[in-house]
Amino acid sequence: MAYWLFKSEPDVFSLEDLKKSKNQTTFWDGVRNYQARNFLRDTMKNGDGVLFYHSNSEPLAIVGACEVVKEGYPDFTAWEKGHDHFDPASTPDKPVWYMVDIKLKSVFNKPVTLAALKAEPRLAGMQLLKRGNRLSVMPVTKEEWDVIMEMST
DNA sequence: GCCAACGTTGGC
DNA sequence: GCCAACGTTGGC
């Protein structure tokens, strides 16, 4: 079992949106970065934990936890003409981009803000905090996961 | 295969 | 709204 962090701009898709989704489950479409794609396609397994992070908003924070409920499969929004995530390089025969399904597990009582993450010495190595980090899907260690869970209650 | 130009991300 | 950091593109 592995752990991950997904970024989302709440103006586009927030944890509240996930909460309101059918079965509180959604497909994580729109990842158009190869490194993140590889995580989605090759590494993520059912039951993996996912931290849900709100970027580009106030407050910047991890706001909840989810679980992978469907492993990597082609992101079909890539071949929907006119879709925001359309990419002519990807086709049903030769998909380039992949996604997983995640299901809401918990909405944090206390969102763990970016400032709080930075202030926690045990999280000094977190990839999210590294300078210039722009990955929207990234791994989290079990230790980091546990600390964040503790901070969220 | 190099690298400059460009577009995007995302915190501030 | 700014701008640093980074990935991608495309000319050579």
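For the structure, see preceding data.
Below, the structure is looked at part by part. (Residues numbered from 1 in each chain as written. Chains lettered and ligands numbered in written order. Predicted model: local features only at pLDDT ≥ 70, side-chain atom pairs only at ≥ 80, totals over all residues. Heavy atoms only, no water.)

### So, the protein's contact with DNA strand B
Spelled out, the test is: For this purpose, a residue is taken to be near a molecule or strand whenever a single non-hydrogen atom of the residue falls within 4 Å of it. Counted as a polar contact is a pair of N or O atoms within 3.5 Å, where, for protein atoms, one must be capable of donating a hydrogen and the other of accepting one, and residues adjacent in sequence contribute only when both atoms are in side chains. Under this grouping Gly is polar, as are all residues other than the nonpolar Ala, Val, Leu, Ile, Met, Phe, Trp, Tyr, Cys and Pro and the charged Asp, Glu, Lys and Arg.
In the vicinity of DNA strand B, the residues found are Lys 7, Tyr 53, Ser 55, Asn 56, Leu 60, Leu 114, Lys 118 and Arg 134. Atoms of DNA strand B within 4 Å of the protein belong to the sugar or the phosphate in 73% of instances, the rest to bases. Within the contact set of DNA strand B, a phosphate oxygen lies 3.1 Å away from a backbone nitrogen or oxygen of Asn 56. For DNA strand B, a base oxygen lies 3.0 Å from a polar atom in the side chain of Arg 134. Of the residues contributing to the surface near DNA strand B, the split by class is 3 nonpolar, 2 polar and 3 charged.

### Quick word on the sheet that holds strand E3 (residues 49–54)
Counted only if it meets this: Strand pairing is assigned whenever DSSP detects at least two bridges linking the two strands. Counting from the N terminus, the helices are the DSSP runs of H or I reaching at least four residues and the strands are the DSSP runs of E reaching at least two. Helix axes are fitted to C-alpha atoms over the stretch in contact, other axes to C-alpha atoms as well, and angles between N-to-C directions run from 0 to 180 degrees.
With mixed pairing, 6 strands are arranged side by side in an open sheet as E2-E5-E4-E3-E1-E6. Across the chains shown, the open sheet's two edge strands, defined by having one partner strand only, are strand E2 (25–27) and strand E6 (137–140). With direction set aside, neighbouring strand axes in the sheet form an average angle of 35°. Bridge analysis of strand E4 (residues 61–74) against strand E5 (residues 98–113) gives 10 bridges, and the strand direction is antiparallel.

### Some points on the protein's contact with DNA strand C
Taken together, Tyr 34, Arg 131, Gly 132 and Arg 134 make up the full set of residues adjacent to DNA strand C. A share of 62% of the atoms of DNA strand C within 4 Å of the protein falls on sugar and phosphate groups. Arg 131 places a side-chain nitrogen or oxygen 2.4 Å from a phosphate oxygen of DNA strand C. Split by residue class, the surface near DNA strand C holds 1 nonpolar, 1 polar and 2 charged.

### Concerning the side chain of Ser 90
Inclusion rule: Think of it in three bands: with a 1.4 Å probe and only protein chains considered, a residue is buried below 20% of the maximum accessible area for its type, exposed above 50%, and partly exposed in between. We call two residues in contact when some of their heavy atoms are within 4.5 Å.
Considering the arrangement of structural elements, one finds Ser 90 in the loop between E4 and E5. Of the residues examined, Ser 90 reaches a relative accessible area of 2% and is grouped as buried. Aside from chain neighbours lying at most four places away, what touches Ser 90 is Ala 78, Trp 79, Pro 95, Val 96 and Trp 97.

### Things to note about the pairing of E5
By the bridge criterion, 3 bridges tie E2 to E5 in an arrangement that is antiparallel. From the neighbouring strand, Phe 27 faces E5, where its bridge partner is Asp 101.

### Some details on the environment of Glu 144
Tracing the sequence through the fold places Glu 144 in helix H4 (residues 142–151). According to the relative accessible area criterion, Glu 144 is buried, its value standing at 10%. For the pair Glu 144 and Glu 58, spaced 86 residues apart in sequence, the C-alpha to C-alpha distance is 23 Å. If sequence neighbours within four positions are ignored, Glu 144 has contacts with Leu 123, Gly 125 and Met 126.

### Focus on the packing of aromatic side chains
What counts is decided by this rule: For Phe, Tyr and Trp, rings pair up if their centres lie within 6.5 Å, where Trp contributes its six-membered ring, and each pair is then called stacked (planes under 30 degrees apart), edge-to-face (over 60) or tilted (otherwise).
Taken as a whole, this structure holds 7 aromatic pairs when the rule is applied. Ring geometry for Trp 4 and Phe 39: centres 5.2 Å apart, planes at 55°, overall tilted. Of this pair, Trp 4 sits in strand E1 (residues 3–8) while Phe 39 sits in helix H2 (residues 34–43), and the two are 35 residues apart along the sequence. Phe 39 gets classed as buried once you look at its relative accessible area, which sits at 16%. Aromatic side chains Phe 27 and Phe 76 sit 5.2 Å apart centroid to centroid with 55° between the ring planes, which places their arrangement in the tilted category. With Phe 27 in strand E2 and Phe 76 in the loop between E4 and E5, this pair connects stretches of sequence that are 49 residues apart. By relative accessible area, Phe 27 is classed as partly exposed at 34%.

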